[in-house]
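Topology and contacts: notes
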Protein chains: 2
Amino acid sequence: MKKDQIAAWNPAELYLSNLSIDCVIVGYHEKQLKILCTRFEGLNGWLLPGGFIGKNENLDDAANRVLAERTGVEGLFLKQFHTFGSLQRSWEHPVNKKQLAAYEGVSAQTVKWMTERFVSVGYYALTEYSKVNPKKIEIESECRWFDVQELPDLLLDHAQMVHTALETLQLQLHHEPIGFNLLPEKFTLPEMQALYETIIGKELDQRNFTKKLLSLGIIKKLNEKKHIGGHRSPSLYKFIKRNYNKALKEGVQLAF
Amino acid sequence: MKKDQIAAWNPAELYLSNLSIDCVIVGYHEKQLKILCTRFEGLNGWLLPGGFIGKNENLDDAANRVLAERTGVEGLFLKQFHTFGSLQRSWEHPVNKKQLAAYEGVSAQTVKWMTERFVSVGYYALTEYSKVNPKKIEIESECRWFDVQELPDLLLDHAQMVHTALETLQLQLHHEPIGFNLLPEKFTLPEMQALYETIIGKELDQRNFTKKLLSLGIIKKLNEKKHIGGHRSPSLYKFIKRNYNKALKEGVQLAF
DNA sequence: TCAAAAGTGTTCAATGTACACCCATGC
DNA sequence: GCATGGGTGTACATTGAACACTTTTGA
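One structure accompanies this document, and this report is about it. (Residues numbered from 1 in each chain as written. Chains lettered and ligands numbered in written order. Predicted model: local features only at pLDDT ≥ 70, side-chain atom pairs only at ≥ 80, totals over all residues. Heavy atoms only, no water.)

1. Points about the pattern of salt bridges
To keep things clear, this is the line we draw: Salt bridge, as used here, is a side-chain nitrogen of Lys or Arg placed within 4 Å of a carboxyl oxygen of Asp or Glu. The helix count covers DSSP runs of H or I at least four residues long, the strand count covers runs of E at least two residues long, and both are numbered beginning at the N terminus. Type-normalised accessible area, obtained with a 1.4 Å probe on protein chains alone, sets the label of each residue: buried when under 20%, exposed when over 50%, and partly exposed for intermediate values.
Overall, the coordinates contain 24 salt bridges over all chains when judged by the stated rule. The shortest N-O distance in the salt bridge between Glu142(A) and Arg39(A) comes to 3.1 Å. Pair noted here: Glu142(A) is in strand S7 (residues 140-147) and Arg39(A) is in strand S2 (residues 32-40), with a separation of 103 residues, a long-range link. Since its relative accessible area comes to 28%, Glu142(A) is described here as partly exposed. Residues Arg89(B) and Asp157(B) are paired through a salt bridge, measuring 2.9 Å at the closest nitrogen-oxygen approach. A residue pair is termed long-range when its members are at least 10 positions apart, and Arg89(B) in the loop between strand S5 (77-84) and helix H4 (94-97) and Asp157(B) in the loop between strand S7 (140-147) and helix H6 (158-173) qualify at 68 residues. Counted as one network, the salt bridges with shared partners bring together Glu57(A), Arg65(A), Glu69(A) and Arg70(A).

Right, here's the structure in full:
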């Protein structure tokens, strides 16, 4: 944005007040869960990708918009998990107030609007890591993936949000085959197992895992193998879309 | 409130804009789940008890306040379950606009504030039916229990809220001993079983239920029986508070 | 031929489920 | 003494958990 655009930007007209959305966007790559974080120009810390809710925009639509802005991908798996409303969230909090240098150039009225207390609706999204090319939006200086074990300092309560999102993800994994959103269309059984092990944080028995997964009847073996050299080539599988969607809707039992 | 008080009432100063709280307050009595509903003066339909969030009030505190206002009881089991933000929620929606007669006497500015679009954070509460003496607040004409099967016409998306809350309750029942909040301090095993049957909507085997419940180690038999005449007197039980709290925190397996 | 990961079945333990009779109480 | 609901145990089926060797591949 140019300076005159920044000066004219009036969120109070466009968006609901006191209310924001933050997305915990989870990606997966080489046995690592990753979280997409952004840094705003002038702010000494990172944030989750977030945004405001248009005055005529559904909550879920707003979350999808925020997600699409940062990932370039539409229609990712996205789910509301909790709404955060503690008083510590405000930018007015001493810890945060000094971060507000970022808002130079913005009208005083807008700074007031931005620094009011916000309640934020948390969504989490799951995506295959390679699909996404993180895109910063204009007022951000950087937007990139971090390993969950190596998250940067997150401002406000965003570290808490990540924690709650991952906890929810672990719980839901037992009832919905949601982990599947984190792998490419064609995948091998060992890849899927590594994904589950990463999310729930413990090693699983290979034979039991295979047995249980196949018994769900939501994936089928392809007549292809993945050539990864150095050892036996694992078979590729893909979802049976029809059954997969049914499983998503009706729930499955996948506790380990 | 008197007329001059109503005219001076200025929620825009007191509360966060565009944001409300609604509570699905679930009670239990004689094998019936009940929901507390209120009717506002002049409105042709019922609503869930709700309220706004003070500018310096935590979200959970606001929900507790709303709950305490209507039930007279503090510290009930209360849990956020979902945030509702579809556009259909607005009072500006044609279906709802005609309901606004209720706001006669209120300043035009306040009517504008009240009729903006609201996103609402849904909480559900569980309480023993007899503990609560439903209290209407000033601008309400009535506040009372309804059987879940016989709910009145609920305005906005409040029927959807009840539905989502009950669905969440059923799911959580398998992991947390939450049903216990719906019974008096001393209860019999058949009472507890009837409660579970009511919530999950199917009959359970008496012996299996007893076995599983006792194996959790969170209740103990008292040296008392409940005299209910006409047949054998069932023993009374109560929670072992320490273990019960632990179970609430760590989760239990109570799937039937 | 060796290293590294894939693939594949069976046994045992624990848990869940189905099922029926006697007991206490008040009318 | 009879109607009503409370209380109790066992057998079977299902599910989950533990466990090891052979196969494929490329260096």
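Following the structure, the description resumes.
2. Looking at the sheet that holds strand S10 (residues 235-239) of chain A
Convention followed: For two strands to pair, DSSP has to find at least two bridges joining them.
Spatial strand order, S8-S10-S9 (chain A): three strands in an open sheet with antiparallel pairing. Whereas interior strands pair on both sides, the edge strands pair on one side only; in this sheet they are strand S8 (187-188) and strand S9 (219-225) of chain A.

3. Structural notes on the protein's contact with DNA strand C
To keep things clear, this is the line we draw: We call a residue near a given molecule or strand whenever any one of its heavy atoms falls within 4 Å of it. We call two N or O atoms a polar contact when they sit within 3.5 Å, provided that within protein one can donate a hydrogen and the other can accept it, with sequence-adjacent residues counted only if both atoms are side-chain atoms. Following the grouping adopted for this structure description, the nonpolar residues are Ala, Val, Leu, Ile, Met, Phe, Trp, Tyr, Cys and Pro, the charged ones are Asp, Glu, Lys and Arg, and the polar ones are all others, Gly among them.
Taken together, 20 residues sit near DNA strand C, with Pro190(A), Arg207(A), His231(A), Ser235(A) and Gly230(B) positioned nearest. Restricting attention to atoms of DNA strand C within 4 Å of the protein, one finds that 40% of them are sugar or phosphate atoms. In this structure, a base nitrogen belonging to DNA strand C sits 3.2 Å away from a side-chain N or O atom of Arg207(B). In this structure, Asn208(B) approaches DNA strand C through a side-chain N or O atom, which is 3.0 Å from a base nitrogen. Mapped by element, the contributors of at least two residues to the surface near DNA strand C are helix H8 (206-215) of chain A together with helix H8 (206-215) of chain B. Sort the elements by how many residues they give to the surface near DNA strand C and H8(B) lands first, with four residues. Taken together, the residues that form the surface near DNA strand C break down as two nonpolar, nine polar and nine charged.

4. A word on the protein's contact with DNA strand D
Inspection of the region around DNA strand D gives 20 residues, with Gly230(A), Arg232(A), Pro190(B), His231(B) and Ser235(B) positioned closest. The contact atoms of DNA strand D, taken as those within 4 Å of the protein, divide so that sugar and phosphate hold 40%. Arg207(A) places a side-chain nitrogen or oxygen 3.4 Å from a base nitrogen of DNA strand D. Contact between DNA strand D and Lys211(B): a base oxygen at 3.1 Å from a side-chain N or O atom of the residue. Listing elements by their share of the surface near DNA strand D, those giving two or more residues are H8 of chain A together with H8 of chain B. The biggest single contributor to the surface near DNA strand D is H8(A), with four residues. Residue classes in the surface near DNA strand D are distributed as two nonpolar, nine polar and nine charged.

Coordinates in, geometry out; function isn't part of it.
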